[in-house]
Amino acid sequence: MSRATPTRAVAAWALIGLAGFVLLPWYAQQEGVLAFDWIGGLWSHADSASGLALIAAHNRWWLAPLLPVLLASLAVGFVGGTRRQRGTTLVWLAGIGLAIFWLQALSIGLRGWNAEWLTLTLGEVGGRQVGIGIGATLVLLSLLGLLSLGLAQRGAFGGDAFVAGAMVTVVASIVLFTAWPVLRILLQAFNSSDGTFAPALLLDRLSTAKIWSLRCLTGDGRCGVAWNTLFLALCCGAGTTMLGLAFALIVTRTGFRMKRTLRVLTVLPIITPPFVIGLGLILVFGRSGVVNQALDAWFGIAPTRWIYGFQGVFLAQLFAFTPVAFLVLIGVVEGVSPTLEEASQTLRADRWDTFRTVSLPLMKPGLANAFLVGFIESIADFGNPIVLGGDYGVLSTEIYFAVVGAQLDYGRAAALALLLLAFALGAFFLQRRLVGTRSYATISGKGDSGLPTPMPAGLRRLAQWIALPWAGFTALLYGFVLVGGFVKIWGRDHTPTLQHYAKAFAVESGPNGLIWTGAAWGSFWTTVKLAAIAAPLTALLGLLAAWLLVRQRFVGRSTLEFATMLSFAVPGTVIGVAYVFTFNVPPLEITGTALILVLCFVFRNMPVGVRAGMASMSQIDRSLDEASATLRGRAWQTLAHVVLPLMRPAMVAALVYGFVRAVTTVSAVVFLVTAEYELATTFIVLRVINGDYGLAIAYSCALILLMLAAILLIQLLVGQRRLGRRAAPAPIAARAGA
Amino acid sequence: MSAGVEFRNVVKRYGATTAVAGVSFAVASGTLTTLLGPSGCGKTTVLRMIAGLEAASEGAILIDNEDVTALSATERDVSMVFQSYALFPHMSVLDNVCYGLRRSGVDKTTAATSAQEALQQVGLDGFAQRQPSELSGGQQQRVAVARALVLRPSVMLFDEPLSNLDARLRRQMREEIRELQQRLGLTVVYVTHDQQEALAVSDRIIVMNRGRIEQDGAPRDLYERPATAFVANFMGESNRLRGAARRLDETRVAVTLGDSEIVVTGTIAADGETDIAVRPETVTIDPAPGPAGSLPGRVVKATYVGTHMEYTVETAAGALFAICPRVDRPLAAGHAVALSLAPRGILVVGG
Ligand SMILES: Nc1ncnc2c1ncn2[C@@H]1O[C@H](COP(=O)(O)OP(=O)(O)O)[C@@H](O)[C@H]1O
Ligand SMILES: [Mg+2]
């Protein structure tokens, strides 16, 4: 057999760690590790020294215990003993190694000990540490690899090293890039700016009038941002649910002919950066928008800034999130069994009675779910409030200004983030309980031959009166956005022009080939590159996690599932602040790099991949995996040859989502971009805030086109599942009894 | 190539439920052994533990006299034919059959040659390039067999392989499986809930009930000398009666049913009332009330089922269900009859 024996794998991982420890610089390099300027100073310079040199020549005694751990692991690869004994030893060694690694990395930072009490009790440490570099990273990876091997050899995860490795990878990355930063920033809410623990401060920070004031009710001032956020979210949840229901009813319960057009509406917001709707609204209602211009021209009413504030944000969110509600509710409406409605009608109820007493109550949990989805989307939204909010502050924008403005007050940002997170998680838990206890589900395996009851006429007219103008208006907004890119100055000078596109995307041919002179190119290419890197990683990690969750049995399965879903409920703004705060300092000093943006994309969007993967994997009969196992297929072979080929649609979904969401996201990355790594969305938002609409519009349209192209490309590359026309063998569950 | 399988006090628990409660047996190399029992009795669980798809909670599993309890499915030299066939729907028939060989590192052309050979053995020569969805149920079944066969495993497992086929095909397939097993000298463990199927294909049958082994023996022994009422009932239709039994010697018992006493082979612990099973096909119905030693009765129900008549006869010993091959002169309900019971059809099963 050609497989590496476990002992050889152990030796290999240990050697990787040792190589990182001895041959490569331990700390991050100023010029990047690829500059190779560290080679000369690998022994002599503390900044570029290897781990071994740091211990021997630079007095970094705290790194010393890692060496024996790695050497002992290497030895485990060569000594005898049972598999189980070796496994136990490895788990211990790797565990100790990881503990030491993080202990020293977290407690000794840029100015020696990170906490004052450590200095007081242990004395000066006599050294400082910058972020970890390639050497330390290899050691970390090696320890994780050894841990996986150890667990597998002890018999965990069916003794399969690949499964153990996948598990360790998923858990470690979620802990490192979601749990840790979020916890860090939340703890910061309790700390004063110099890092001392001061829980009373949190109360101060959270009890200001700026957050909780109710003065807008009495008419003498503004309300606090917390109330603003909640009020907006309630309105948005209610509004999107109502509109979504109207659309869903029209599509499923009437003979409406343009159903396909309505379905297109549901794709648009997915590929539209969230503020494009806001932009469209400005073009209609803004100071130089068509409405104000018309009022001015015809009635001499001076243009107002009416759209900036609650009205604007609310409208924008309605437009942006109604399609999501529609998607949720179309399933709900279709789930109401026509037979029940027919039964009701045979019991002398007319259509209206039937709708009121049977259909609507059956839809209730679904309606509540749609409401909460709208609620959560609204409080997490950053793009629309920043563009249209004006004086109407909400938590997400407030957090942004606490960090970005002159304030630079992480404590305050953290306290606000805590509040926002509390709202989001509250709604999230509520929603999970609702969806979890959906006892009304009327979709069953039994064929339901009834015909959906047509809606009562009054209700139908109402739904059409609400939905159709709305759909028209949405189309109009997108139309304005499209046209807006081709006129000189919106509202003043409507001469057709290509100047905005030229400004954004001009290309000149220079002596050495093309010169990308357009203002947008820099951020455009950065976005495309980073999103293209992030999308496959997102899909990979998401599907890997899904595979573990659906196909492997292990303790803590439901905890892991919950953790991945939970990270989805954390608003982007909170993640952004958490990242910039946590990864600004050693040991993981990556703020300002492209890496942090990619990581942010991956871990923000991974839960979508997990969901898509889990849904599609649970449709694949488990006996296929088992058949592969009894045919000598190892876990990774089963994954590669059986599961993944059957999951192409989910892979497409995860890739598309990973890419599109990376391109369109604003909230999280707005904290992470730098002049060097500017992203398309943040670039556009800044243009909008500065009133440079032409460029912003041109750029937005280009982005939408880009994403359509990307979706088509991915569809083409990954393709569809190739199954015969007839269904797979009768889908008898693997555990079906005799 | 073939190897024996041994279970030593194997227990399997799922949380609070015990699916297999302490099972020991040994399957001889080169034989076909059937696990038989009602739904939910733990047959599949036993089979999956042999395959390594489930880990035993307690006890030891040996294949070829080697302890494999801790080995995963991949590491055991065992192949399985699944109830749902579990053919990979995205691979052609040939790729399905090659799958195991390719995973064990066999190169493509060698694997294809072996696969073609295996397909030939199951009578599917021309089908290599089809997709599984383009095959009938019986053909899919054969592909599943070929896919398992091609690895020359020491043990082959079948989990209700015929349950998705129609009655006619079931009979044909079970003969083919048996023929293949004998020709290649395979060790096969076969799971079914159909006693006829079990009787037809097995060298040995292990009857299971509620996670335990009820009885273990040759097909004929189980049918004719069931150790418990459960086995008697499960192995074939039988009438359950109470009757007085008297021990005559080591192997013979005198059973009193109504007025007649019949000597049968069997053992009882002590004389007295006991459970007696009577096979319906061993009851002879005489239209004229009569000969000495027979059991008088009256037909209460008569059903014509084509190949034979089925009667329910009320007697002093209770209602008896009987099968009569004579369909030319059926007896009507109410007819007085005399029943003679053949000793081989009377089973003393209770203590
Ligand atoms: N994964 C499982 N979790 C919990 N109980 C199980 C599981 N698999 C089987 N069981 C239980 O174990 C018992 C035996 O199941 P099984 O071996 O499939 O029965 P059979 O194949 O004889 O019909 C049943 O009561 C079943 O409910
Ligand atoms: Mg079963």
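Residues numbered from 1 in each chain as written. Chains lettered and ligands numbered in written order. Predicted model: local features only at pLDDT ≥ 70, side-chain atom pairs only at ≥ 80, totals over all residues. Heavy atoms only, no water.

**Examining the packing of aromatic side chains**
- One pass over the full model with this rule turns up 42 aromatic pairs over all chains.
- Between Y410 of chain A and F581 of chain A, the ring centres sit 5.0 Å apart and the planes meet at 55°, which makes this aromatic pair tilted. Pair noted here: Y410 of chain A is in helix α20 (residues 410-436) and F581 of chain A is in helix α25 (residues 572-582), with a separation of 171 residues, a long-range link.
- Overall, Y410 of chain A belongs to the buried group, its relative accessible area being 17%.
- By relative accessible area, F581 of chain A is classed as buried at 12%.
- Counting every residue linked through ring pairs, the aromatic cluster contains F21, W26, F101, W102, F177, W180, Y579, F583 and F603 of chain A.
- One cation-aromatic arrangement involves R103 of chain B over Y99 of chain B; the distance from NZ or CZ to the ring centre is 4.7 Å.
- Positioned over the ring face of F88 of chain B is R147 of chain B, at 4.8 Å from the centre of the ring. (Phe/Tyr/Trp six-rings, centres within 6.5 Å; stacked < 30°, edge-to-face > 60°. Helix = DSSP H or I, 4+ residues; strand = E, 2+ residues; numbered from the N terminus. Buried < 20%, exposed > 50% of the residue type's maximum accessible area, 1.4 Å probe, protein only. Lys NZ or Arg CZ within 6 Å of the ring centre and 35° of its normal.)

**With respect to helix α8 (residues 199-206) of chain A**
All names here are of chain A.
- Residues of α8 that are buried include every one of L202, R205 and L206, and no others. Angular distribution of buried residues about the axis of α8 spans 90°; they occupy a single face of the element. Among the exposed residues of α8, those oriented more than 90 degrees off its buried face are A200 and L203. (Arc of directions from axis to C-beta.)

**Some words on the packing of helix α13 (residues 276-285) of chain A against helix α15 (residues 310-335) of chain A**
Residues and elements named next belong to chain A.
- One can describe the packing of α13 onto α15 by two numbers: an axis separation of 9 Å at closest approach and a directional angle of 130°. Taken together, the axes of α13 and α15 lie oblique to each other. In this structure, α13 crosses over α15, and the sense of that crossing is right-handed. Between α13, through I277, G278, L281 and F285, and α15, the contact on the second element is made entirely by G312, L315, A316, F319 and A320.
- Looking at side-chain class alone, the contact of α13 with α15 contains 7 nonpolar, 2 polar and no charged residues. (Axes fitted to C-alpha atoms, helices over the stretch in contact; angles between N-to-C directions. Parallel < 35°, antiparallel > 145°, perpendicular 65-115°, else oblique. Left-handed = near helix turned anticlockwise from the far one by under 90°. Contact = heavy atoms within 4.5 Å. Nonpolar A, V, L, I, M, F, W, Y, C, P; charged D, E, K, R; others polar.)

**Looking at the sheet that holds strand β4 (residues 58-63) of chain B**
All names here are of chain B.
- Pairing within the open sheet is antiparallel, and its 4 strands lie in the order β2-β1-β4-β5. Looking along the sheet, the strands with just one partner apiece sit at the ends: β2 (17-27) and β5 (66-67).
- In this structure, β4 lies alongside β5, joined through 2 bridges in antiparallel fashion. Bridge pairing in β5 places L62 opposite D67.
- Of the strands in this sheet, β1 (5-14), β2 and β4 are in contact with helix α1 (residues 43-51), which crosses β1 at around 115°. (Pairing = 2+ DSSP bridges.)

**Here's the deal with the domain arrangement of chain A**
Residue and element names in this part refer to chain A.
- Under the domain assignment, chain A is made up of domain 1 (4-154), domain 2 (211-491) and domain 3 (499-718).
- Distance between the C-alpha centres of domain 1 and domain 3: 31 Å.
- Both faces combined, the contact of domain 1 with domain 3 buries some 490 Å², and carbon together with sulfur accounts for 76% of it.
- Three residues, L110, G131 and I132, lead the burial of domain 1 against domain 3; their summed loss comes to 54% of the area buried on that side.
- At the boundary of domain 1 with domain 3, the tally comes to 0 salt bridges.
- Put simply, domain 1 and domain 3 have 2 residue pairs in polar contact (both at pLDDT 80 or more) between them.
- Its residues assigned to classes, the side of domain 1 that touches domain 3 comprises 6 nonpolar, 2 polar and no charged. (Domains from an automatic or database assignment. Buried area = accessible area lost by both parts, 1.4 Å probe. Salt bridge = Lys/Arg side-chain N within 4 Å of Asp/Glu carboxyl O. Polar contact = N/O pair within 3.5 Å; in protein donor to acceptor, adjacent residues only side chain to side chain.)

**A few points about the pattern of salt bridges**
Residues and elements named next belong to chain B.
- Within this structure, the stated rule accounts for 22 salt bridges over all chains.
- In this structure, the salt-bridge partner of R220 is E224, at a minimum N-O distance of 3.2 Å. Linking R220 with E224, this pair stays in helix α7 (residues 219-224), spanning 4 residues, or about one helical turn.
- Here E261 ties to R246 by a salt bridge, and the two come within 2.9 Å at their closest N and O atoms. Pair noted here: E261 is in strand β13 (residues 260-265) and R246 is in strand β11 (residues 239-247), with a separation of 15 residues, a long-range link.

**Overview of the nonpolar core**
- Of all hydrophobic cores here, the largest spans 309 residues; its most connected members are W26 and Y579 of chain A together with F7 of chain B.
- If you tally residues by element for this core, the top one is helix α23 (residues 521-551) of chain A, at 17 residues.
- Formed by 27 residues, the second largest nonpolar core is a distinct cluster that contains L241, V278, L331 and I346 of chain B. (Core = buried A, V, L, I, M, F, W, Y, C linked by side-chain atoms within 4.5 Å.)

**Remarks on α1 of chain B**
Residue and element names in this part refer to chain B.
- The buried fraction of α1 amounts to 9 of the 9 residues, a majority that puts the element mostly inside the structure.
- For α1, every residue scored as buried is listed here: K43, T44, T45, V46, L47, R48, M49, I50 and A51.
- Positioned one or two residues after α1, G52 has a phi angle of 95°, which is positive.

**Quick notes on a nonpolar patch on the surface**
All names here are of chain A.
- Taken together, the side chains of W212, L214, L217 and W227 make up a nonpolar region of the molecular surface, amounting to roughly 400 Å² of accessible area.
- With respect to the helices and strands, W212 occurs in helix α9 (residues 209-212).
- Residue W212 is classed as partly exposed on the basis of its relative accessible area of 32%. (Patch = residues over 30% accessible without salt bridge, like charges linked within 9 Å, V, L, I, M, F, W, Y side chains within 5 Å. Areas by Shrake-Rupley, 256 points an atom, 1.4 Å probe, with all protein chains shown as cover.)

**Section: the domain arrangement of chain B**
Residues and elements named next belong to chain B.
- According to the domain assignment, chain B contains domain 1 (3-229) and domain 2 (239-350).
- Each of domain 1 and domain 2 has a C-alpha centre, and the two are 39 Å apart.
- Listed as interface residues are 6 residues of domain 1 and, on the opposing side, 5 residues of domain 2.
- Interface of domain 1 and domain 2: buried area, both sides summed, is about 540 Å²; carbon and sulfur atoms make up 49% of it.
- Looking only at domain 1, the three residues that lose the most surface to domain 2 are Y223, P226 and A229, adding up to 72% of its buried area.
- Viewed at the interface, domain 2 and domain 1 are joined by 0 salt bridges.
- In this assembly, domain 1 and domain 2 are joined by 2 residue pairs in polar contact (both at pLDDT 80 or more).

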